[in-house]
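Topology and contacts: notes
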Amino acid sequence: MENPVKLETRNYALRYGNNLALTDVSLRIFANQITALIGPSGCGKSSYLRAFNRMNDLIPGASSAGEIFLNGVEVQNGNIDVVMLRKRAGMVFQRPNPFPKSIYDNIAFGPRMHGVSSRSRLNQIVEDSLQRAVLWDEVKDILKQSALSLSGGQQQRLCIARVLAVAPEVILMDEPCSALDPISTLRIEELMQSLKQNYTIVIVTHNMQQAARVSDWTAFFMLNGQRSGTLIEFGSSSEMFTQPQDKRTEDYITGRFG
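Below, the structure is looked at part by part.

**Brief notes about the overall build of the protein chain**
The helix and strand inventory of the protein chain stands at ten helices and ten strands. A compact globule built from 258 residues would reach a C-alpha radius of gyration of about 18 Å, and the protein chain, at 18 Å, matches this within 12%. Each principal axis of the C-alpha distribution contributes one length, and for the protein chain these read about 55 × 40 × 40 Å. By the burial criterion, 52% of the 258 residues in the protein chain qualify as buried. For the protein chain, the accessible surface area stands at approximately 12,100 Å², while carbon and sulfur atoms represent 48% of it.

Structure, rendered in structure tokens:
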């Protein structure tokens, strides 16, 4: 039985000023699955990822057309609370970006912003989030230390824990392993596999092996003749990486271009 649709775009297009960055992207992303967005640099993958929690709204001159849905509700209408939307669809960035605060305060920051003030409740959220991010055993005795003292891989897991602390439904990951060593990358990939039981994950990656290893579904983007990013092919990762339907997909994943 197919998982329900968690996220969807219909004829989505995005402009930065006069530049059409994405055009006519219609795609369904399934709940409790990992969907990888792949394609050459500059084809709009990260812009598409940011559409789901409206982070493109923060870019001067950005404008969009088409529809974006979370649980069947259009997120671009004026009634949507964007702060709550970004709580429901949290973002993990390419480079770890812990706040210059303690490990504890990094995790407690979001819950405090959303009104949690009880110390015992915060303690529980911090521990649970770090446990889910497979970081608790490494930091439980140094929670008052600066998060900036952690290694790069630990900082990225901390950033994932920080997203988990506000109880999201969706985790958006923009090349979360590109700045990490192979061992840290493996730990993040293992973490993603465990998290998909409770969350829907969308990941942008340039690493074809990573996409093939961790994702259930893959969407391949590239530039069209008008130099605008567009969706070329979408399907199960097992089929995409063994029997792609489009010659351009095959050329990209086999390294002939990109």
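**Notes on the pairing of strand β10 (residues 229–236)**
For β10, the tally of buried residues reaches six of eight residues, placing the bulk of the element in the interior. Of the pairings in the sheet, the one linking strand β9 (residues 217–223) to β10 comprises seven bridges and is antiparallel in character. Of the residues in β10, the one forming a bridge with Ala-219 is Phe-234. Connecting the antiparallel pair β9 and β10 is a turn made up of five residues, with Arg-227 showing a positive phi of about 60 degrees.

**Quick word on the packing of aromatic side chains**
For the coordinates displayed, the defined rule picks out seven aromatic pairs. Where Phe-30 meets Trp-217, the ring centres are 4.9 Å apart and the plane angle is 45 degrees; that geometry is what we call tilted. Of the two residues, Phe-30 sits in strand β2 (residues 19–30) while Trp-217 sits in strand β9, which places them 187 residues apart along the sequence. Judged by relative accessible area, Trp-217 falls into the buried class, the value being 17%. A cation sits over an aromatic face here: Arg-162 above Phe-99, 4.0 Å from the ring centre.

**Overview of the nonpolar core**
Formed by 44 residues in total, the largest nonpolar core has its most connected members in Leu-130 and Ile-171. Ranked by residue count, the leading element in this core is helix α6 (residues 152–164), at five residues. For Leu-130, the contacting residues outside a window of four places in its chain are Ile-107, Leu-135, Trp-136, Val-139, Leu-143, Leu-158 and Ala-161. Leu-7, Leu-27, Ala-51 and Val-170 belong to the second largest nonpolar core, which has 27 residues in total.

**A look at the pattern of salt bridges**
Tallying each qualifying case throughout the model produces 14 salt bridges. The structure contains a network of salt bridges with shared partners spanning Lys-6, Arg-88 and Glu-169.

**Here's the deal with the packing of helix α3 (residues 103–113) against α6**
Orientation of α3 relative to α6, taken along the N-to-C sense of each, is 30 degrees, at an axis distance of 7 Å. As summarised for this structure, α3 and α6 are arranged roughly parallel, according to the angle between their axes. The hand of the α3/α6 crossing is right-handed. On α6, the residues that touch Ile-103, Asn-106 and Ile-107 of α3 are Leu-158, Ala-161 and Arg-162. Looking at side-chain class alone, the contact of α3 with α6 contains four nonpolar, one polar and one charged residues.

Definitions and cut-offs
- Residues numbered from 1 in each chain as written.
- Predicted model: local features only at pLDDT ≥ 70, side-chain atom pairs only at ≥ 80, totals over all residues.
- Heavy atoms only, no water.
- Helix = DSSP H or I, 4+ residues; strand = E, 2+ residues; numbered from the N terminus.
- Rg over C-alpha atoms; globule rule 2.2 N^0.38 Å.
- Buried < 20%, exposed > 50% of the residue type's maximum accessible area, 1.4 Å probe, protein only.
- Areas by Shrake-Rupley, 256 points an atom, 1.4 Å probe, with all protein chains shown as cover.
- Pairing = 2+ DSSP bridges.
- Phe/Tyr/Trp six-rings, centres within 6.5 Å; stacked < 30°, edge-to-face > 60°.
- Lys NZ or Arg CZ within 6 Å of the ring centre and 35° of its normal.
- Core = buried A, V, L, I, M, F, W, Y, C linked by side-chain atoms within 4.5 Å.
- Contact = heavy atoms within 4.5 Å.
- Salt bridge = Lys/Arg side-chain N within 4 Å of Asp/Glu carboxyl O.
- Axes fitted to C-alpha atoms, helices over the stretch in contact; angles between N-to-C directions.
- Parallel < 35°, antiparallel > 145°, perpendicular 65-115°, else oblique.
- Left-handed = near helix turned anticlockwise from the far one by under 90°.
- Nonpolar A, V, L, I, M, F, W, Y, C, P; charged D, E, K, R; others polar.

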